[in-house]
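The primary structure of each chain is shown beneath.
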Amino acid sequence: MDKMLKPVGIAGTGRCLPERILTNFDLERMVDTSDEWIVSRTGISERRISDAGTATSDLATEAAKKAMEDAGITAGEIDVIIVATATPDMAFPSTACIVQSNLGALQASAFDVQAACTGFIYGLSIGEKFISTGDAKNVLVIGAETLSKICNWEDRSTCVLFGDGAGAAVLREAPKDSGIIATLLGAEGWKGQYLTLPAGGSRMPASIDTVKSGKHFIHMDGGEVYKFAVGVMPQATLGVLEKAGLSLDDIDLLIPHQANKRIVDSAAKRLGIPQDKIFMNLSRYGNMSSASIPVALDEAVKHGLVKNGDNLVLVGFGAGLTWGACAIKWSK
Ligand code: ACO
């Protein structure tokens, strides 16, 4: 029997960034790099780094509390918790289960999504379905990372790029004709080798040798990821607009995954979207993987850049290689 699907919107957002700032000038003292190189190649000036005792679930929990407060709900009202992360506290239990326990969200189901930097968009798409079908009322979707823990701080080609943080959103039924209009997800798994953390799983269990050879750190072919990103960002944006029945001119704000300013500039140029319609905070945070889009969304909303009725497009790419986009008519 067909059920009427309910419209689903974002009822609240929140973020949590570690206090410690690592600048490009700090990095100049750690590896053979320069502020000039990092800014000109990536657009990043500084990033946040969590301390030794902080895990992904700690940042996720704080971001979640802020999103719940913003949405005006208590932990007991959350039905589902989805944590998108590539840096879980541990392989199991899931980071979502740890967050559930921290929040005291006793009625919630909880699970992690692994789509790297695209994880938050995957999480939104999954969360939307719980509510649109009537299976849940409030879904908490969190993107949280402590990438500093898996960076090789002696590898200048990767360690300058990443930062730590968490962003969260509460999904709930939205007024008619508003909320998430369309999501579009994809993956090119045959390109997975371009961005990996090779050891610690079943293919290459942790051993003294894997530790010694740095296989528990991020390994990336930056050029290949770059090529993928500049192609897929415009393609995903156009794809989700088509699915939503919108045109490029309908976009009020584009919130891209914040990985590299050159990637975003290239996508904007191909699409013909002016800079003032693109939200950027990359220079302050670096690439926070799955946390990048929800942190940017929360900043955009809290800075008053989003008003009811605006059309937002969130678009990202990441390890997998994965990609995804989401079109939202904002109402809160
Ligand atoms: N400082 C100074 N020099 C550097 C640095 C650094 N930090 N890193 C690399 N270099 C050097 C290289 O060794 C190379 O030197 P060589 O020519 O003597 O060999 C030179 O700079 C140029 O290196 P390229 O790799 O060609 O630099 P490029 O302009 O392509 O920029 C970058 C590299 C920034 C990594 C770019 O390729 C990129 O952004 N790729 C996409 C990465 C990305 O978005 N990853 C996100 C993944 S999301 C996720 O799921 C985690």
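Above this text you will find the structure in question.
Residues numbered from 1 in each chain as written. Predicted model: local features only at pLDDT ≥ 70, side-chain atom pairs only at ≥ 80, totals over all residues. Heavy atoms only, no water.

1. Examining unusual backbone geometry
With omega at 5°, the peptide bond leading from Phe92 into Pro93 counts as cis. Residue position: Pro93 is located in the loop between strand 4 (80-84) and helix 4 (95-103). Following Gly320, the chain continues to Leu321 via a peptide bond in cis, the omega torsion being -10°. With respect to the helices and strands, Leu321 occurs in the loop between strand 12 (311-318) and strand 13 (322-329). (Helix = DSSP H or I, 4+ residues; strand = E, 2+ residues; numbered from the N terminus.)

2. Notes on the site of the ligand
Looking at the ligand, there are 25 residues lining it, with Thr33, Arg41, Cys117, Asn260 and Ala319 nearest. Between the ligand and Asn260, the relevant distance is 2.6 Å, taken from an oxygen atom to a side-chain nitrogen or oxygen of the residue. Within the backbone of Ala319, a nitrogen or oxygen atom sits 2.8 Å from an oxygen atom of the ligand. Across the complex, the protein chains shield 71% of the 1000 Å² of accessible surface that the ligand would expose by itself. Applying the majority rule of atoms within 2 Å of the grid points places the ligand in the largest pocket. Of all elements in the fold, only helix 2 (35-42), helix 6 (156-159), helix 8 (222-244), helix 9 (261-271) and strand 12 reach the threshold of two or more residues within the shell around the ligand. The element that contributes the greatest number of residues to the shell around the ligand is helix 8, accounting for four residues. (Near = heavy atom within 4 Å. Polar contact = N/O pair within 3.5 Å; in protein donor to acceptor, adjacent residues only side chain to side chain. Areas by Shrake-Rupley, 256 points an atom, 1.4 Å probe, with all protein chains shown as cover. 1 Å grid on protein atoms, 1.4 Å probe; cavity = no way out; pocket = protein on both sides within 12 Å on 5 of 7 lines; lining within 4 Å. Sits in = over half its atoms within 2 Å of the grid points.)

3. Digging into the sheet that holds strand 11 (residues 253-256)
Paired through their backbone hydrogen bonds, the strands of a sheet run either parallel or antiparallel. Read across the open sheet, the four strands follow the order 8-13-12-11; overall the sheet is mixed. Strand pairing shows two members of the sheet lacking a second neighbour, strand 8 (179-187) and strand 11, which therefore form its edges. Neighbouring strand axes in the sheet, compared pairwise and without regard to direction, differ in orientation by 10° on average. Across four bridges, strand 11 lies against strand 12 in parallel orientation. Within strand 12, the residue paired with Pro256 across the bridge is Val315. (Pairing = 2+ DSSP bridges. Axes fitted to C-alpha atoms, helices over the stretch in contact; angles between N-to-C directions.)

4. Concerning empty space enclosed by the protein
Enumeration over the complete set of coordinates arrives at one cavity of 30 Å³ or more. The volume enclosed by the largest cavity comes to roughly 40 Å³. Lining the largest cavity are Met233, Thr237, Leu254, Pro256, Val264, Ala267, Leu271 and Val315. Sorting the residues of the lining of the largest cavity by element identifies helix 8, strand 11 and helix 9 as the ones contributing at least two each. Residue composition of the lining of the largest cavity, grouped by class: seven nonpolar, one polar and no charged. (Points joined across faces, edges and corners; volume = space filled by probe spheres on them. Nonpolar A, V, L, I, M, F, W, Y, C, P; charged D, E, K, R; others polar.)

5. Focus: the sheet that holds strand 4
Spatial strand order, 1-7-6-4-5: five strands in an open sheet with mixed pairing. With one partner strand each, in any of the chains shown, strand 1 (8-16) and strand 5 (109-113) form the two edges of the open sheet. Adjacent strand axes in the sheet meet at a mean angle of 20° when their direction is disregarded. Taken strand by strand, helix 4 contacts strand 4, strand 5 and strand 6 (139-146), and its axis lies near 130° from that of strand 4. In the packing of helix 5 (residues 119-132) onto the sheet, the strands contacted are strand 1, strand 4, strand 5, strand 6 and strand 7 (164-173), and the crossing angle to strand 6 comes to about 165°. (Contact = heavy atoms within 4.5 Å.)

6. Concerning the environment of Leu22
If you trace the backbone, Leu22 turns up in strand 2 (residues 21-23). Distance in space between the C-alpha atoms of Leu22 and Asn138 is 36 Å, their sequence separation being 116 residues. Residues contacting Leu22, with those up to four places away along its chain left out, are Leu27, Met30, Glu46, Arg47, Ile49 and Trp153.

7. Observations regarding the layout of surface pockets
Rolled over the atoms, a probe as big as a water molecule pinpoints where empty space is left. If you add up the space inside the largest pocket, you get close to 1100 Å³. Considering the residues around the largest pocket, the lining is formed by 43 residues, among which Leu147, Ile150, Phe162, Leu195 and Ile218 are closest to the centre. Within the residue set of the lining of the largest pocket, elements represented by two or more residues are helix 2, helix 6, strand 9 (195-196), helix 8, helix 9 and strand 12. Top contributing element to the lining of the largest pocket by residue count: helix 8, with four residues. In terms of residue class, the lining of the largest pocket is made up of 21 nonpolar, 18 polar and four charged. Within this model, the second largest pocket holds a volume of roughly 170 Å³. Forming the walls of the second largest pocket are Lys6, Pro7, Val8, Glu128, Asp177, Ser178, Gly179, Ile180, Ile181 and Lys329. Looking at the lining of the second largest pocket, the element that brings in the most residues is strand 8, giving three residues. Taken together, the residues of the lining of the second largest pocket sort by class into four nonpolar, two polar and four charged.

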